[in-house]
Amino acid sequence: MKNKRAMYLLLPGLLFLAAFMLVPITLTIASTFVQDGRLTLEGYLHFFRDGYFNRILLTTLRVSVVTTLVCMLLGYPAAYYISRASARKKSLLLALSIFPLLTSPVVRSFSWMIILGKKGLINSFLVNTGLIEKPLDILYTPTAMMIGLVHLFLPLIIITLLGVMENLDHELVRAARSLGASPFAAFRKITFPLTVPGLIIGGILVFVGSLTAYTTPALLGGKERVVSTFLYQNAMTLNDWQAASVIAVIMIVITFVVVGLMNGWANRLNPKG
């Protein structure tokens, strides 16, 4: 009886997801295999034979992977420090960490345009101090995209890791220290393996967000294309929805592959979950 009641409670949500997510995605995927009324893989073969698209795909993967790694490297120590802070200090640090999420991506991107431009704050400082002779080309490059995306998604990985670290049993660390383990050994053998799930989940969120982000790459990348801006160009500018659907399916496949690889990495680091 309880199981039936639970199913009735789940039914509205499941119907909503099926109608507005599962069905459109299925139709989108199916449309990529049909051309002129026949089944074909020509749409995919056309893209993977195209050197321009391959460059865009490699740029997208490079930006997404580097953004994810930088967010992991910056977010882990930040979350570790916040988790060990006092309650009052933790609230302040958590608010400062979340604050970037309260700002529009458009506003953040325009702020970075002011900072990274040839006459921006960074180049002006470097030129005025004599460290460089002419301004650096930072804006409208993959580097600018990575900077903007790190600023955008770093709070996500901090929040994810913080939830895991706050539930960590610190008695295990104290027991290891009492048995002669150094602080680094206790961290390597206990703290890090137990926080790997949070790190993996945060990394997946950052990677998927970086892979599919549009506003930040469009504003900070300029003419430098990534898959999301290329999809928008095919759908809205060229009105080629067949090509846009193929690109969308490629993005979905990449997402599932990366999620599977990161879950496998997590299982190797922490086999007991």
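Here, the structure is the one placed above.
About the cut-offs
- Residues numbered from 1 in each chain as written.
- Predicted model: local features only at pLDDT ≥ 70, side-chain atom pairs only at ≥ 80, totals over all residues.
- Heavy atoms only, no water.
- Helix = DSSP H or I, 4+ residues; strand = E, 2+ residues; numbered from the N terminus.
- Buried < 20%, exposed > 50% of the residue type's maximum accessible area, 1.4 Å probe, protein only.
- Contact = heavy atoms within 4.5 Å.
- Areas by Shrake-Rupley, 256 points an atom, 1.4 Å probe, with all protein chains shown as cover.
- Lys, Arg positive; Asp, Glu negative; His and termini not counted.
- Charge placed at Lys NZ, Arg CZ, Asp CG, Glu CD.
- Core = buried A, V, L, I, M, F, W, Y, C linked by side-chain atoms within 4.5 Å.
- Salt bridge = Lys/Arg side-chain N within 4 Å of Asp/Glu carboxyl O.
- Arc of directions from axis to C-beta.
- Phe/Tyr/Trp six-rings, centres within 6.5 Å; stacked < 30°, edge-to-face > 60°.
- Patch = residues over 30% accessible without salt bridge, like charges linked within 9 Å, V, L, I, M, F, W, Y side chains within 5 Å.

Caption draft 1: Expanded view of the overall build of the chain. Helix and strand counts for the chain stand at 12 helices and two strands. Traced from its N-terminal end to its C-terminal end, the chain shows the element sequence α-β-β-α-α-α-α-α-α-α-α-α-α-α. A buried classification covers 37% of the 273 residues belonging to the chain. Considering only contacts within the chain whose residues lie at least 6 apart along the sequence, 71% involve residues at least 24 apart. By element, 69% of the accessible surface of the chain is carried by carbon and sulfur atoms, the whole surface being about 16,600 Å². Of the side chains in the chain, 23 bear a positive and 10 a negative charge, and the two mean positions are spaced by 11 Å.

Caption draft 2: Representation of the nonpolar core within the structure. Counting 44 residues, the largest nonpolar core has Phe47, Phe53, Ile157, Leu161, Ile247 and Ile254 as the members making the most contacts within it. Considering every element that reaches this core, the biggest residue donor is helix H7 (residues 142–166), with 12 residues. Those residues in contact with Phe47 that sit more than four places away from it in its chain are Phe53, Asn54, Phe230, Ala243, Val246 and Ile247.

Caption draft 3: Looking closely at the pattern of salt bridges. Enumeration according to the criterion identifies three salt bridges in this entry. Lys90 serves as the salt-bridge partner of Glu166, at 3.3 Å between the closest nitrogen and oxygen. In this pair, Glu166 is assigned in helix H7 and Lys90 in helix H4 (residues 87–98), connecting sequence segments 76 residues apart. Residue Glu166 is classed as partly exposed on the basis of its relative accessible area of 41%.

Caption draft 4: Expanded view of helix H2 (residues 42–49). Turning to H2, its buried residues number three or more, namely Gly43, Tyr44 and Phe47. An end-on view of H2 places all buried positions within 95° of arc, on one side of the element.

Caption draft 5: Local environment of the packing of aromatic side chains. Under the defined criterion, the tally for this structure stands at 12 aromatic pairs. Taking the centre distance of 4.9 Å and the plane angle of 70° together, the rings of Phe47 and Phe53 count as edge-to-face. In this structure, Phe47 and Phe53 share a single accessibility class: buried. With centroids separated by 6.0 Å and ring planes inclined at 35°, the aromatic side chains of Phe53 and Phe230 adopt a geometry described as tilted. Taken together, the positions of Phe53 in helix H3 (residues 51–83) and Phe230 in helix H11 (residues 227–237) put the pair 177 residues apart, joining distant regions of the chain. Residue Phe230 is classed as buried on the basis of its relative accessible area, which comes to 8%. An aromatic cluster of three or more residues is present, and its members are Phe47, Phe48, Tyr52, Phe53 and Phe230.

Caption draft 6: Main features of a nonpolar patch on the surface. A cluster of nonpolar side chains, contributed by Phe16, Leu17, Phe20, Met21 and Ile25, occupies part of the molecular surface with about 520 Å² of accessible area. Its location among the elements puts Ile25 in helix H1 (residues 2–31). Look at Ile25 and you get partly exposed, because its relative accessible area is 36%.

Caption draft 7: Local environment of the side chain of Asn123. One can find Asn123 in helix H6 (residues 121–128). Not counting the four nearest positions on each side in its chain, Asn123 is found in contact with Leu116, Gly117, Lys118, Ile132, Pro135 and Leu136.

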